[in-house]
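The primary structure of each chain is shown beneath.
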Amino acid sequence: MDPTHRGPDEFGHDRNGSAQDAGRRRPTRDPLTPDFGQQTPQQARIVPLISGDLLLTINPVDGSEVEPCRPGEQPAEPVRRTPAERADRERAAAPPVPPGPPVLQLPLLQREDERERLVRLLARGRSVRLTGPAGSGRTALLDAVAADCAQLAPDGVVRLSGHKRTVTDLLYGLFDAVHHAPLHRPDRALLLAKLRTTGAVVVLDDLEFGGAALDELFDATPECAFLLAATPDVAAPGADSHLEEVFLAGLDGAASVVLMERVVERPLTEEETNWAGDLWFESEGLPLRFVQAGALLRQRDLLRADPTTYDEYGYLDSRPAEAPFPAEAPELPLPSLGEGAAPAALLASRLSGAARDTLRFAVALGGEVPHQAHLPALVGDTHADAALGELAGCGLLSPAGSRYRLAAGVVAQLEAAGYGDDATGRARTAAQHYAWWAGHPSVTPARAVAESDAILAAMTQLVPGDGAGQTSVAVLLARSASPAFAAGLHWSAWEKSLRIGQEAARIAGEVAEEAYFHHELGVLALCTGHPDRARAELETSISMRGALADKPGAVAGRRALALVEDLSGGPAAGGVPLNEEIPAGRFEASSPGGPTVGLPVTMPRSYADETAVMSRQTAPKGAGSGTGGRFAVLGGARRNLVAAGAGVLLAGVLGTVVTLGLTSNSDPQDDPAVSTEQSVSEDDGSENELPADESTDHAVPPAPAPSATSSTPGPTGSEAAPTGSGSPSPGSSAPQDTPSSSGNPSSDGPSPSDKPTKSPGPTKSNPPPTSESPSTPSPSDTPSPTDSATDEPGLPGSSDSASGPSGVTSASADESAAPSESASVA
C-alpha cells in the first residue's frame, strides 16, 4: 500500500481515493511523438507597437490592425542611453566572431596621416567623406578613427552601416542607438525633434546615396559630425553640404610586401617578393588583394608540408584507413599573375566542402552570407559553422553591419568559376529554411531583422521564377518574414518583403495572399503618412477579400480604411461611414442590355445598425431623396446590394399578387356573381390589405403611354388593338367594361359589390366618388384588362404603386413609365 494515497497500488484501480488524493496525483505526461496525429498548434506572434499616435497590432493571420491610441496609453518619452548601455548595444551589433582558430589581426599600414586628419576634422565638428575604391581598407580605417573619437561627443560614437539602407533607415537607426524606446516608432516630428538635440560622432560605412538625400541627413542632425565611407561611383554630395573630402589611395610596394608577410607569418623569398611587386602593379596597391595573395601563399606552404591537406576527401577531413596515400608532391610553383589578381576561385578550390557550399549559397544570395547558425541546416553538415572562419581567414569576407558578405569582386570571380550554376536551387533551399525559421515563435524580431538582407535576397532571386513552385516559396517566405520585420521596426525591409510577396502571389495566382500583402501595404502607408497610397491598397485588398468571402480580413480592411478617412478628412468610396444610419435612398440596378432605372428602396433601421464598417461615398450631382435627382449610385458594400435586391424582389412579388388579385375570377362567364372589386376588397377592414384602385385625385398623373405597352401580341403573333380604346385584347377573358377612376365598377349585370353594406365611408384607401360619370370613362383614364395583366412592378407598363408590410415601396408611376427603364429592372 502507498502511505500517501489510500487504496490499491495498481494503476487505474484506485476507486476509493478522495478528490484531494486525485488532485495530488502526477499529471499525465505529454506524448513522446507529438507529430503523429494532431499536431501541436503554434500561436501566432501578435506584437503591439506604437507608431506616432497610432496603435499598430502586428497580426500575421488576418492582417495588421491600426487604431488611434487611447487616452492614457501613449508611450513614455524616449530616454537617452547611458554610456554603458551604448557600449553594450555596440558590442551586440558587431559581427559575430567566426568559430575556429582566431582570425589574424592585421596592422593599419600607411594610414597615419589620414587617420590624424580625420580625427582633427571630427573634433572640430566637421563632417568628412572618405572616398576610396572597394578593397582599399576603408572599414579598417573607420574602426581606428572611431576608437580615437570615443570621448569627443556627449552621445559618443555611433556605428551605422549604409549597405542597402535609405536615409530614413539611417535616421531611425541613429535614434535607436542614442535613445531607448522599446516598441515605439516615433513619427516624423518627434524623430526630428530628438535628432536635433543629439550630439554624436556618426561613423557610416558603405554609404550608397548622395545629393539631396545626404543633405536631408545633415539637416536632420545639425549637432552630429559624420564620417562617411563610400566608393567613387556613389553620387557626390550637394554644393551646400560643406563636406570635407578625403581620398584613400592604395599602398606602396614596400607596405604591400610587409602586409603579405604578416598574412603568411614569415618573410618572403626573393621569388615571392618579385611576384608581389608584379601584383602591386596589377592591383594598384589595394590591401585586399595582398591579403588574398598572402592566403594563397599560406595554402602553398601547407601543400608543401602535407600533400594530403587538399585532396578529394576535403580539407581537414578524416582520411579513411583504406585510402591510398599519395606520393610526395613536387615543388609547387607560385600562382600566376592572373590567379593572384583574381584569387577567389583558387582559394575556394582548396577549402573544405562546407566552405565551398557556403560560397555557393552566398553567390545565390547576391553576396549575402547567411549567419553561421544557419549554415549547418543549409549545408547539411553539423560542423558547417566553422566554414565562416575559413572564408574570413582567406580574405573572402568583409563585415557589413552585424553580418558578413562576400568581399568586393569575389561574387564575379566565383560566378566565372561556375559557383552560380545552381543559384536558383540554392536560393529556393535558403528561402524554405528562412520561411520556417522566421515564422517560428522562438525567433525574436531582432534576430529576423539581423538576417533581413539574406532573406530579401532569397525572395528576390525567386521572383519572377521559371521553375515550379518558386514563386509560391517566395510567397511563403514573405508571409513569414514580413511580420517579423514590422515588429523589429525595420520598415524598409517590411515594405520590400511585402512588395516582393505581392508580386510573387500575383504570378502564382494566390489571390488570398495577394490580398493580405495589399492590406499590409495599406497599413504601412497609413502609419508612414501616405493616406492616398493607403486608400488605394486597402480598397484593393477589400475587393479581393470580398470576392473570396474572407469576412475577418474584409472587416480589418474596412476598419483601416475608415481610419484613413478619419485622418485625411475626405470621403471614401464603397459605403457609408461607421455608425452612420443608412438613409432611404435610391439604389441603381442595371441590366446588360439597356439603361438603368432608380428604384426607391426603404431600408429598415435595424438593418442599418447591423452593417459592418463601411466608408463614405460621395453622391453624384442631382441625386437626392426628393425631386432633385432621378438616379443614384449603388454603394460598394455587399449588404447594401443585397438589401436593394431584396427590396426589388419583394416589390415584384407584391405587384404580382395585386395583379393576380385584379385579374383572377374577373370573367363574368365563369362566375357572374363575382366582380373584380369584390375579389380585391373583400375585407376592407384589414390594415395590411392593398387597395384595388385609387382615385385620380390622389394618383400620380400618368406618363405618356410607351410603345411597349400600347399593343399586346395575340395568339398568332399579330398585334392587338390599342389598350387605350377600352376593348380587351384577343384571347382575354376580362370584361370590356373596366372600373372607372371613382372606384365604382361598371358592369351590365348585378354584382354583390352593389350591396350598400359593402360600401365603406370615405377613407384614404377608398376616396369619395367624383362627379365624373362612371358610364363614360375617358380613354386616358380607363385601364384596360391588358394593362391590368401586365401591371406588375418591374415589368413594362407598370403603373401601380403598392406598399407592403415590410416597408419596401415598389416603383412609382413616374419612374416606371419609360419602357427601357422598366426593362432594365426586369
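Model, not experiment: these values are computed from the prediction.

**As for the overall build of the protein chain**
Looking only at helices and strands, the protein chain features 29 helices and 15 strands. The buried share of the protein chain, reckoned over its 826 residues, is 42%. Considering only contacts in the protein chain between residues 6 or more positions apart, those separated by 24 or more positions represent 69%.

**With respect to the packing of aromatic side chains**
For the coordinates displayed, the defined rule picks out 5 aromatic pairs. For the pair Trp 280 and Phe 281, a centre-to-centre distance of 5.0 Å together with 80° between the ring planes defines the contact as edge-to-face. Residue classification places Trp 280 among the partly exposed residues on the basis of a relative accessible area of 26%. Looking at Phe 281, the relative accessible area reads 66%, which means it is exposed. Taking the ring centre of Tyr 172 as reference, the NZ or CZ of Arg 185 above it sits at 3.9 Å. The ring of Phe 361 is capped by Arg 426, whose NZ or CZ atom sits 5.0 Å from the centre of that ring.

**So, the packing of helix α17 (residues 423–438) against helix α19 (residues 452–462)**
Interhelical geometry of α17 versus α19 gives an angle of 130° and a closest axis separation of 9 Å. Classed by the angle they form, the pair α17 and α19 counts as oblique. Classified by chirality, the crossing of α19 by α17 is left-handed. Packed against α17, whose contacting residues are Ala 423, Thr 424, Ala 427, Arg 428, Ala 431, Tyr 434 and Trp 437, the element α19 presents Ala 454, Ile 455, Ala 458, Gln 461 and Leu 462 at the interface. Of the residues that constitute the contact of α17 with α19, the class distribution is 9 nonpolar, 2 polar and 1 charged.

**A few points about the packing of helix α23 (residues 531–547) against helix α24 (residues 551–568)**
One way to put it is that α23 packs onto α24 with a least axis distance of 9 Å and a crossing angle of 155°. Comparing their axes, α24 and α23 come out roughly antiparallel. Crossing of α23 against α24: the hand is left-handed. The residues of α24 that touch α23, namely those facing Pro 531, Ala 534, Arg 535, Leu 538, Glu 539, Ile 542 and Arg 545, are Gly 553, Ala 554, Gly 557, Arg 558, Ala 560, Leu 561, Val 564, Glu 565 and Ser 568. The residue inventory of the contact of α23 with α24, partitioned by class, reads 8 nonpolar, 3 polar and 5 charged.

**Notes on the pattern of salt bridges**
With the rule as written, the count across this model stands at 32 salt bridges. Two residues, Asp 88 and Arg 91, come together in a salt bridge whose shortest N-O distance is 2.2 Å. Within this pair, Asp 88 and its partner Arg 91 are both found in helix α2 (residues 83–93), separated by 3 residues, close to a single helical turn. A relative accessible area of 42% places Asp 88 in the partly exposed class. The class of Arg 91 is exposed, set by a relative accessible area of 57%. Each of Lys 164, Arg 165, Glu 368, Arg 403, Glu 451 and Asp 453 takes part in one network of salt bridges that share partners.

**Quick look at the pairing of strand β10 (residues 225–230)**
Strand residues, when the strand is regular, have side chains that alternate between the two faces of the sheet. With respect to burial, β10 is a largely interior element, 6 of its 6 residues being buried. Strand direction decides the pairing type here: strand β9 (residues 201–205) and β10, joined by 4 bridges, are parallel. The residue bridging Val 201 from the neighbouring strand is Ala 225, located in β10.

**Section: unusual backbone geometry**
Trans is the prevailing form of peptide bonds, just as negative phi is the prevailing case for residues other than glycine. Residue Pro 464 is bonded to the preceding Val 463 through a cis peptide linkage, with omega at -5°. Examined against the element boundaries, Pro 464 turns out to sit in the loop between α19 and α20 (470–487). Its identity as a non-glycine residue notwithstanding, Leu 183 has a phi of 55°, on the positive side. Counting through the fold element by element, Leu 183 comes out in the loop between β7 (179–180) and β8 (184–185). Positive phi values are uncommon outside glycine, yet Glu 284 reaches one of about 60°.

**Looking at the nonpolar core**
If you look at the biggest cluster of nonpolar residues, it comprises 89 residues, and the most contacted ones within it are Leu 56, Val 66, Leu 396, Leu 406, Leu 414 and Phe 485. The element best represented in this core is α20, accounting for 10 residues. Beyond its immediate chain neighbours, meaning those up to four positions away, Val 66 contacts Leu 54, Leu 55, Leu 56, Val 523, Leu 526, Cys 527, Ala 560 and Leu 563. Core analysis: the second largest hydrophobic core is formed by 29 residues, Leu 174, Val 178, Phe 218 and Leu 243 among them.

**Regarding the environment of Ala 87**
Within the secondary structure layout, Ala 87 lies in helix α2. Since its relative accessible area comes to 28%, Ala 87 is described here as partly exposed.

**Looking at the sheet that holds β10**
If you walk across this open sheet you meet the 5 strands as β6-β9-β10-β5-β11, and the pairing is parallel. The open sheet is flanked by β6 (157–161) and β11 (244–247), the only strands paired with a single partner. Between one strand and the next, the sheet's axes are offset by a mean angle of 15°, whatever the strand orientation. Sheet strands touched by helix α4 (residues 138–148): β5 (128–131), β6, β9 and β10. Its angle to β9, the strand with the most contacts, is close to 170°.

**Points about the side chain of Arg 111**
Here Arg 111 lies in the loop between α2 and α3 (112–123). A distance of 3.0 Å separates a polar side-chain atom of Arg 111 from the backbone oxygen of Ser 136. Setting aside residues up to four positions removed in sequence, Arg 111 forms contacts with Ser 136, Leu 141, Leu 248, Ala 249, Gly 250, Leu 251 and Pro 287.

**Some thoughts on the environment of Arg 304**
Within the secondary structure layout, Arg 304 lies in helix α10 (residues 287–305). Judged by relative accessible area, Arg 304 falls into the partly exposed class, the value being 44%. Separated by 28 residues in sequence, Arg 304 and Leu 332 have C-alpha atoms that sit 7.2 Å apart.

**Looking at the sheet that holds β8**
Judged by pairing direction, the sheet is mixed, and its 4 strands sit side by side in the order β3-β2-β1-β8 without closing on themselves. Only two strands of the sheet have a single neighbouring strand rather than two, namely β3 (65–68) and β8. Here 5 bridges tie strand β1 (residues 47–51) to strand β2 (residues 54–58), and the two strands are oriented antiparallel to one another. Each bridged residue has a counterpart across the sheet, and for Ser 51 the counterpart in β2 is Leu 54. Along the sheet, helix α22 (residues 511–527) contacts β1, β2 and β3; its crossing angle with β2, the most-contacted strand, is approximately 155°.

**A word on the side chain of Ser 136**
Along the chain, Ser 136 turns up in the loop between β5 and α4. A polar atom in the side chain of Ser 136 sits 2.7 Å from the backbone oxygen of Pro 133. With residues up to four places along the chain from it excluded, the contact list for Ser 136 reads Arg 111, Leu 248, Leu 286 and Pro 287.

**Regarding α4**
Considered for burial, the residues of α4 that qualify are Arg 138, Leu 141, Leu 142, Ala 144, Val 145 and Ala 146. The inward-facing, buried residues of α4 contact α3, β5, β6, β9 and β10.

**A word on the confidence of the model for the protein chain**
Per-residue confidence for the protein chain gives a mean pLDDT of 73; residues scoring 70 or more make up 61%. With pLDDT under 50 throughout, residues 572–637 is counted as low confidence; its partners more than four residues away or in other chains account for 132 contacts. Contacts from residues 666–826, a stretch scored under 50 in pLDDT, to residues over four places away or in other chains number 184 contacts.

**Some words on the environment of Gly 253**
Topologically, Gly 253 is positioned in helix α8 (residues 253–264). Gly 253 sits in the partly exposed class, given a relative accessible area of 33%. Distance in space between the C-alpha atoms of Gly 253 and Asp 278 is 9.5 Å, their sequence separation being 25 residues.

**Points about helix α9 (residues 270–283)**
Here α9 contains 14 residues, and its C-alpha end-to-end distance of 20 Å stays within 8% of the 20 Å for a straight helix at 1.5 Å per residue. Those residues of α9 not exposed but buried are Glu 272, Trp 275, Ala 276, Leu 279 and Ser 283. Seen end-on, α9 carries its buried residues on one side only, within an arc spanning 105°. Turned more than 90 degrees off the buried face of α9, the exposed positions are Glu 270 and Phe 281. Structurally, α9 contributes buried residues whose contacts are with α8, α10 and α11 (337–341). Following α9 by one or two positions, Glu 284 has its phi on the positive side, about 60°.

About the criteria used
Residues numbered from 1 in each chain as written. Predicted model: local features only at pLDDT ≥ 70, side-chain atom pairs only at ≥ 80, totals over all residues. Heavy atoms only, no water. Helix = DSSP H or I, 4+ residues; strand = E, 2+ residues; numbered from the N terminus. Buried < 20%, exposed > 50% of the residue type's maximum accessible area, 1.4 Å probe, protein only. Contact = heavy atoms within 4.5 Å. Phe/Tyr/Trp six-rings, centres within 6.5 Å; stacked < 30°, edge-to-face > 60°. Lys NZ or Arg CZ within 6 Å of the ring centre and 35° of its normal. Axes fitted to C-alpha atoms, helices over the stretch in contact; angles between N-to-C directions. Parallel < 35°, antiparallel > 145°, perpendicular 65-115°, else oblique. Left-handed = near helix turned anticlockwise from the far one by under 90°. Nonpolar A, V, L, I, M, F, W, Y, C, P; charged D, E, K, R; others polar. Salt bridge = Lys/Arg side-chain N within 4 Å of Asp/Glu carboxyl O. Pairing = 2+ DSSP bridges. Core = buried A, V, L, I, M, F, W, Y, C linked by side-chain atoms within 4.5 Å. Polar contact = N/O pair within 3.5 Å; in protein donor to acceptor, adjacent residues only side chain to side chain. pLDDT = per-residue confidence, 0-100. Expected span 1.5 Å × (residues − 1). Arc of directions from axis to C-beta.

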